[in-house]
Structures are given as C-alpha cells and as structure tokens.
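Chain residues, written in single-letter form:
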Amino acid sequence: MQNILITGCSTGIGLQTAKTLKDNGYKVYASARDIEDVNSLKALGFEALKIDVTKKEEISQALKYILNKDEKLDAVFNNAGYGQPGAVEDVSVETLKEQFETNFFGLHEVTLQAMKIFRAQGYGKIIQHSSVLGIISLKFRGAYNASKYAIEGLADTMRQELMGTNIFISSINTGPVTSKFRENALKKFNKNIDIENSFFKDTYKKELKARLENDKDTTPFNLPATSVANVILEIMKSNNPKPRYYVTKATYILGFFKRVLSTRLLDKLLNRI
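Here the structure is a predicted model, which means the values were calculated and not measured.

The rules behind each value
- Residues numbered from 1 in each chain as written.
- Predicted model: local features only at pLDDT ≥ 70, side-chain atom pairs only at ≥ 80, totals over all residues.
- Heavy atoms only, no water.
- Helix = DSSP H or I, 4+ residues; strand = E, 2+ residues; numbered from the N terminus.
- Buried < 20%, exposed > 50% of the residue type's maximum accessible area, 1.4 Å probe, protein only.
- Salt bridge = Lys/Arg side-chain N within 4 Å of Asp/Glu carboxyl O.
- Expected span 1.5 Å × (residues − 1).
- Arc of directions from axis to C-beta.
- Contact = heavy atoms within 4.5 Å.
- Pairing = 2+ DSSP bridges.
- Axes fitted to C-alpha atoms, helices over the stretch in contact; angles between N-to-C directions.
- Polar contact = N/O pair within 3.5 Å; in protein donor to acceptor, adjacent residues only side chain to side chain.

With respect to unusual backbone geometry
So, step 1. For Phe-140, which is not glycine, the phi torsion reads 65° and is therefore positive.
So, step 2. Mapped onto the secondary structure, Phe-140 falls in the loop between β5 (124–129) and α5 (142–161).
So, step 3. Its relative accessible area of 14% is what places Phe-140 among the buried residues.
So, step 4. With a phi close to 90°, Thr-248 is a non-glycine residue in the positive phi region.
So, step 5. In this fold, Thr-248 is placed in the loop between β7 (244–247) and α9 (249–260).

Put into structure tokens, the structure is as follows:
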C-alpha cells in the first residue's frame, strides 16, 4: 500500500484530497496545524498528525512516526498555505515574512526532510501546491503571488536536479476552488492591513473586502475541491507523473495569455479582474 503525507488537511483541498486518496486505497497521513483539527481528522478515521509547517521539529516528529509505522514514505503533498490580501505598499516586511514562513519556507522544510528519505530509499513523489498566481499576478495579492512564484522557482530547479532518478516533483497550478481560502484571507486582511490609512482605502471597502466577505462562490470557472483531489490521485497512480498540472479553466486561459501576450497587454487584461 502506498502512503502519502498531506499538510493542511483541516478543510478544503487538503481534507478532500485525504478523503479521496483514502477511499481509493492509499494510506493517508493527514496533518493539520491545530490539535482540534487533528482530533477531527482522527474521528474521520485518518492517521492524523499535528504539523505546523513553520515548526521544523513537528515535521521531523511526523516523518519519524511515519517511518516507524511503515518504514517508507511514498509521497508528500505540500498543501498547507494561505493568502495575504492587500496592495504591495500596504504589506509590511513582517507580514510578507509571515506569508513566506508558511507558504514557502514551511513547504521547503517538508521537502528537505522528505528528500532525505526519498534519497535513501531511491524513490518518492513531491507534490507542490502552487497556484495560477504562480504563473500570473493579480493586484492586491502581491504577498501570495510572490510566495507562489518562489515555489515555482524551486520546483523548476529541483526537476533538473532530480533528472535520472526515481524521485518526481510535480507542481499543481490551481485556479478558483471551493475552500475556506477566502474566509482565512479576510482574517489576515483585517489583521495585517491598515485599511483606514491606505491609498486604496475606498477600493478595499467597496470591492476587495466585499469580495472576501461574500460567502457564495460566484467566481467564474470555480470548481469543487475534488478537482484537485482527483489530480493528486492521478499523480499517485502514475509511474511517471507530469511536472505540472493545471486545475480549472481559469488556469489554462491565463496560462495561455501569459505565453502569447506582451507584458503590457497582459497587465491591462489582468487589471480588469
């Protein structure tokens, strides 16, 4: 039986992926940052582990537990992450560091520790949850854009460094998918952005905040979390997974525009979104 460690399984894509893989016969080690979510995962029948990806020791303990149980690790899905909204000029260095600690450095720490296992056993799969915003950038999402672009840079490099091995790295470029992403982003927006003293004060209140507070997913091309879970299942089944997987029509469309349009034209188009 193949096994996989998934980070960020409290809700949304992580939880649905854990369920889909478990239902298809894979042994899933589902992890979450908060102990309450870990207990909820256990109640659903998962091997659940507490992992805050910003804490190196929690990652180490989880991987040690998996190796003690199974003596191997087949794959990791680096799913944990969140989005920090706000114009770049309103995002402090401290807030940007916080975004990177989870989305990028936490992901990298899991990857580093998993790689030691994969090198020793001679095989493994690393699945990095990037985004359509790792391909193109949208206004008021600068911190998140930057963290996903950074993931793309590492993944593109690692693919070359892993050529000729039985260790594979795949990036998942998701577009709009139903989850608690917007709800969590609103919390970070209210916590870290000085709305009242921003040049974009009116825009924040009239557009951005209203969009984040909208509990109905009316985003064009939005798909359920199963759309991502099914891609992870495809990767787990493959002996030679693809380096990149697009999820949602939005990713395909914007990825195409990125390739064919000039930077100036692309900026004008994206500024309307």
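Now that the structure has been shown, we can carry on.
Side note on the pattern of salt bridges
So, step 1. Following the criterion strictly, the structure yields twelve salt bridges and no others.
So, step 2. For the salt bridge of Lys-188 with Glu-98, the shortest nitrogen-to-oxygen distance reads 2.6 Å. Pair noted here: Lys-188 is in helix α6 (residues 181–192) and Glu-98 is in helix α4 (residues 93–121), with a separation of 90 residues, a long-range link.
So, step 3. Its relative accessible area of 19% is what places Lys-188 among the buried residues.
So, step 4. Owing to a relative accessible area of 25%, Glu-98 belongs among the partly exposed residues under this scheme.
So, step 5. Here the residues in one salt-bridge network are Glu-152, Asp-156, Arg-159 and Arg-244, joined through shared partners.

Focus on helix α3 (residues 56–70)
So, step 1. Taking 1.5 Å as the rise per residue, α3 with 15 residues should run 21 Å; its terminal C-alpha atoms sit 21 Å apart, in good agreement.
So, step 2. All of the buried residues along α3 are Glu-58, Ile-59, Ala-62, Leu-63 and Ile-66. Along α3, the residues classed as buried sweep out an arc of 130° about the axis, all on the same side. Summarising the geometry of α3, the exposed residues directed more than 90 degrees from the buried face are Lys-56, Gln-61, Lys-64 and Asn-68.
So, step 3. Residues of α3 that are buried in the fold lie against β1 (3–6), β2 (27–32), β3 (47–50) and α4.

Brief notes about the sheet that holds β2
Strands belonging to one sheet form pairs held by backbone hydrogen bonds; the direction of such a pair is parallel or antiparallel.
So, step 1. Here we have seven strands laid out as an open sheet, ordered β3-β2-β1-β4-β5-β6-β7, and parallel in their pairing. A strand with exactly one partner marks an edge of an open sheet, and here the two such strands are β3 and β7. Neighbouring strand axes in the sheet, compared pairwise and without regard to direction, differ in orientation by 20° on average.
So, step 2. Of the strand pairs in this sheet, β1 and β2 are connected by four bridges, and their pairing is parallel. The residue bridging Asn-3 from the neighbouring strand is Lys-27, located in β2.
So, step 3. Where α4 meets the sheet, its contacts fall on β4 (75–78), β5 and β6 (167–174), and the angle it forms with β5 comes to roughly 170°.

Digging into helix α1 (residues 12–23)
So, step 1. Relative to the 16 Å expected for twelve residues at 1.5 Å per residue, α1 spans 17 Å between its end C-alpha atoms, a close match to the ideal helical length.
So, step 2. Where α1 is concerned, the buried positions are Gly-12, Ile-13, Gly-14, Leu-15, Thr-17, Ala-18, Thr-20 and Leu-21.
So, step 3. Looking at the buried residues of α1, the elements they touch are β1, β2, α2 (35–43), β4, β5 and α8 (226–237).
So, step 4. Directly after α1, the chain includes Gly-25, whose backbone phi takes a positive value near 90°.

Section: the environment of Asn-103
So, step 1. Residue position: Asn-103 is located in helix α4.
So, step 2. Separated by 23 residues in the primary sequence, Asn-103 and Ala-80 have C-alpha atoms spaced 6.9 Å apart.
So, step 3. Here Asn-103 is in contact with Gly-81, Tyr-82, Tyr-144, Ser-147, Lys-148 and Ile-151, once residues within four sequence places are set aside.
So, step 4. Side chain to side chain, Asn-103 and Ser-147 meet in a polar contact 3.1 Å long.

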